[in-house]
Every structure is written in structure tokens, then in C-alpha cells.
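# Residue-level structural notes
What follows is the residue order along each chain.
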Amino acid sequence: MLNLHAISRRLGLLIRSLIGVSLLLASVAAQAEIRLLSTEEPPTNFTYAGNFTGTTTEMVRAIRDRLGWSAQVEVYPWSRAYQIALNTPDVLVFTVGRTAEREQAGFTFIGPVSTRKHGVFSRIDQAVTDFDAIKDSQEPVAVMRGDWRAKYLGGEGFSVLDMNNHAQGFRMLMNGRIDYWLSSDLEAPMTARALGYRMADIKMVKLIRESGSYMAFSPGTNPALIQTWLNAFKELQGTDFFEQQRTLWSNILDAQIEYRPEAGYIVRY
């Protein structure tokens, strides 16, 4: 025979527990002190028309605004932003490649926010018949300092030349100071256009990997804060925000951009 008193008591405890969790999440949302860190890496996060913006930047701001938070985006060279996030809890850093090393360090990834084809580019008139010959000759490839792709190439035995940002490497490529530049099909069009060039002026000579990029919470971040952010992100996906942004960025980048929840922003060919 059912013990109605016991069942009622357990239900009461469960309800109070759920209320406690809800209050905790609400408290986190109301009192959160979160830092938002980024770097210059068009088109996901970069300075455009005098403002810091980008496909991921506007996503981050939209989520922040839904939560009623007020943190402003802090912009640093990538290596600096990553080191701050690595050693400081309650930090969101973007836009970030998801690697085993970063997972082991304790980062929590939200997304993907974009999916890119990462590779090495040369000028359109540069003759490249054997990419492995570049490694043998130790010709430098311009990379962004601290980028996972730079570590990958270096680990494969290529000579890498560290830059503070993608634009610096692209300028050197087009000026003939180097012959190879590491980027992606999402970053390269905006970088080229910002410096007065077109994608038709360069070509990808080696595809490294097609993979997603993310927003990432730093090691030690309060799990309730992460869940609050994730909930707001999912809510945002149920609005027309991404359709509006897709149209905006397709016009800015002069490329066909799509947004898919399972991939984030992609370039449509």
C-alpha cells in the first residue's frame, strides 16, 4: 500500500530542490561578473567601420543582452587573450578552435559558431606543385601567433613565421615577402577585401582541416554560469537573429553565408 505521506514529502523535497536550482541559476545570471575576450580575426571578430564586430561578436553580444549582463568585449592579441582565459575563471573567449589540448586544459566549448576550411594560401600566380617540398625547403608560412593551426604546422615540421594577426601575414604574402599564409575560407575573403584585394588574387594550396570554431569558457568557470549562457544561446537560435545576421554578413563579405545550428556560419559555394 502506498505511503501517501512519504510520497508527498518526497515530492515536496524535489520541488524545493528544483526551486533551489532555479534560484541559483537566476542568481548567477543576475550577479555574474564575466569577462568577454577576443582578438582581431575577421570576419568572426574584428574592427569594421570603426567598431569591433563580427559574426561571433554579434552572437556573443546578443546572448549577453538576453541575460541582461553588461560586460564589454576586451580585445587583445590572440596569444594574450588565450593566456588570460587559460589562467582566469569566469572568462568567455572567442572565436576558438576546439583541440584536445584545450579540452584537457579545462575549457568548455559552446557552439560551433562557425565551420571553416583551414589551409595554406599562396598568391594566385605562385607555382606550387608539391606542398611537402615547402617543408623540405623550410620556406616560412605566415601564421597568427598562438593559433592551433600554427602549432599543427610546426608539429608537422614546417617553418612558421608568427604574426600578431592575419592581416599582417596577408600583407607580407601580397608584397612578396613570403609565399605562404595560413588562414581559412571564412577569414581570407574579409582579410583580402579589407586590404584592397579579392579572393581571386590568392588560392588555397593545402587544405589542413575542416572543423568548427567555438565560444569557450575558461577553466574553473562556474558551471551554473555556463548553463545560463548555453540556455540563452539555444533560445537565440529559436529567433530570427541568425537569418538577419546571415543576410548582413553575406553582403559585407560578398559571399554566400549560411547559418546551421550544427555547424554555425559556413561559406556556401
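For the structure itself, consult the block above.
Quick caveat, the model's predicted, so the values are computed rather than measured. What you see as residue numbers is a count from 1 along each chain, following the sequence as written. pLDDT decides what is reported in this predicted model: residues at 70 or higher carry local features, side-chain atom pairs at 80 or more are listed and counted, and totals for whole chains, interfaces and linings draw on all residues regardless. Processing note: side-chain calculations cover all non-hydrogen atoms of the structure and skip hydrogens and water entirely.

As a further point, take the overall build of the chain. When helices and strands are tallied, the chain shows 10 helices and 12 strands. Across the 269 residues that make up the chain, the buried fraction comes to 49%. Contacts are residue-level and defined by heavy atoms, with any inter-residue pair within 4.5 Å sufficient. In the chain, the share of contacts with a sequence separation of at least 24, taken over all contacts with a separation of at least 6, comes to 71%. What sets the accessible areas is the Shrake-Rupley method with a 1.4 Å probe; for residues, cover comes only from the shown protein chains. With an accessible surface of roughly 13300 Å², the chain has 50% of that area assigned to carbon and sulfur atoms. Every helix listed is a DSSP run of H or I at least four residues long, and every strand listed is a run of E at least two residues long, numbered separately from the N terminus. Accessible area is worked out with a 1.4 Å probe on protein chains only. A residue is then buried under 20% of its type maximum, exposed over 50%, and partly exposed in between.

Helix span is expected to be 1.5 Å times the residue number reduced by one. The end-to-end C-alpha separation of helix α10 (residues 241-253) is 18 Å, in line with the 18 Å expected for 13 residues at 1.5 Å each. In the stretch just after α10, D254 is the one whose phi turns positive, near 55°.

Our focus in this paragraph is the packing of aromatic side chains. What characterises a pair of aromatic rings is the spacing of the ring centres plus the angle enclosed by the ring planes. Centres within 6.5 Å make a pair out of two Phe, Tyr or Trp rings, where for Trp the six-membered ring is used; the pair is then stacked when the planes are under 30 degrees apart, edge-to-face when over 60, and tilted otherwise. With the rule as written, the count across this model stands at 14 aromatic pairs. Where W78 meets Y82, the ring centres are 5.7 Å apart and the plane angle is 40°; that geometry is what we call tilted. Placement of the pair is W78 and Y82 together in helix α3 (residues 78-87), with a separation of four residues, close to one helical turn. A residue is classified by how much of its surface remains accessible, and W78, at 4% relative accessible area, is buried. Between F121 and W181, the aromatic rings sit 5.7 Å apart at their centres with planes inclined by 50°, giving tilted as the arrangement. Remark: W181 occurs in strand β9 (residues 180-184) and F121 occurs in strand β6 (residues 108-123); sequence separation between them is 60 residues.

Moving on, we come to the side chain of E41. Mapped onto the secondary structure, E41 falls in the loop between β1 (35-38) and β2 (46-48). Two N or O atoms count as a polar contact when they lie within 3.5 Å, although within protein this holds only if one can serve as hydrogen donor and the other as acceptor, and sequence-adjacent residues are included solely when both atoms are side-chain atoms. A polar contact is formed between the side chain of E41 and the side chain of R149, at a distance of 3.2 Å. Residues within four places of E41 in sequence aside, it is in contact with F46, T95, R116, M144, D147, R149, H166 and E187.

Between helix α2 (residues 55-67) and helix α9 (residues 223-237), the shortest axis-to-axis distance is 9 Å and the interhelical angle comes to 110°. Considering their axes alone, α2 and α9 lie roughly perpendicular with respect to each other. Facing M59, V60, A62, I63, R64, R66 and L67 of α2, the residues of α9 in contact are T228, W229, A232, F233, E235 and L236. Across the contact of α2 with α9, the residue classes break down as nine nonpolar, one polar and three charged. Each axis is a line fitted through C-alpha atoms, and for a helix only the stretch in contact is used; angles between axes span 0 to 180 degrees, taken between their N-to-C directions. These descriptions rest on fixed angle ranges, namely under 35 degrees for roughly parallel, over 145 for roughly antiparallel, 65 to 115 for roughly perpendicular, and the rest for oblique. Classes in brief: Ala, Val, Leu, Ile, Met, Phe, Trp, Tyr, Cys and Pro nonpolar; Asp, Glu, Lys and Arg charged; the others, Gly included, polar.

On to the pattern of salt bridges, then. In what follows, salt bridge is the name for a side-chain nitrogen of Lys or Arg lying within 4 Å of a carboxyl oxygen of Asp or Glu. Summed over the entire model, instances satisfying the criterion amount to 17 salt bridges. Residues E58 and R61 are paired through a salt bridge, measuring 3.0 Å at the closest nitrogen-oxygen approach. One end of the pair, E58, and the other, R61, are both in helix α2, three residues apart, so they sit about a helical turn from each other. Salt-bridge contacts for R198 lead to D201; the nearest nitrogen and oxygen are separated by 3.8 Å. Beyond isolated ion pairs, a larger network of salt bridges with shared partners links E41, R116, D147, R149 and E187.

This brings us to α9. Under the 1.5 Å per step criterion, the end-to-end length of α9 is 21 Å for 15 residues, consistent within 8% with the ideal 21 Å. Between a side-chain oxygen at the N-terminus of α9 and the backbone nitrogen of A224 the separation is 2.9 Å; the capping residue is N222.

Okay, the pairing of strand β11 (residues 256-260) next. Here the rule is simple: two strands pair whenever DSSP picks up at least two bridges between them. Note that β11 and strand β12 (residues 264-268) share five bridges and pair antiparallel. Across the sheet, residue Q256 finds its bridge partner in β12, namely R268.

Nonpolar cores were defined as sets of buried Ala, Val, Leu, Ile, Met, Phe, Trp, Tyr and Cys residues, with membership established by side-chain atoms within 4.5 Å. Judged by nonpolar contacts, the single largest core of 36 residues is most densely connected at L36, M59, I63, M215 and W229. For this core, the secondary structure elements donating two or more residues are α2, β5 (91-97), β6, β10 (202-217), α9, α10, β11 and β12. At six residues, α9 tops the list of elements feeding residues into this core. What I63 contacts, discounting residues up to four positions off in sequence, is M215, W229, A232, F233 and L236. In terms of nonpolar packing, the next biggest core, distinct from the first, is built from 14 residues, A81, Y82, A85 and V96 among them.

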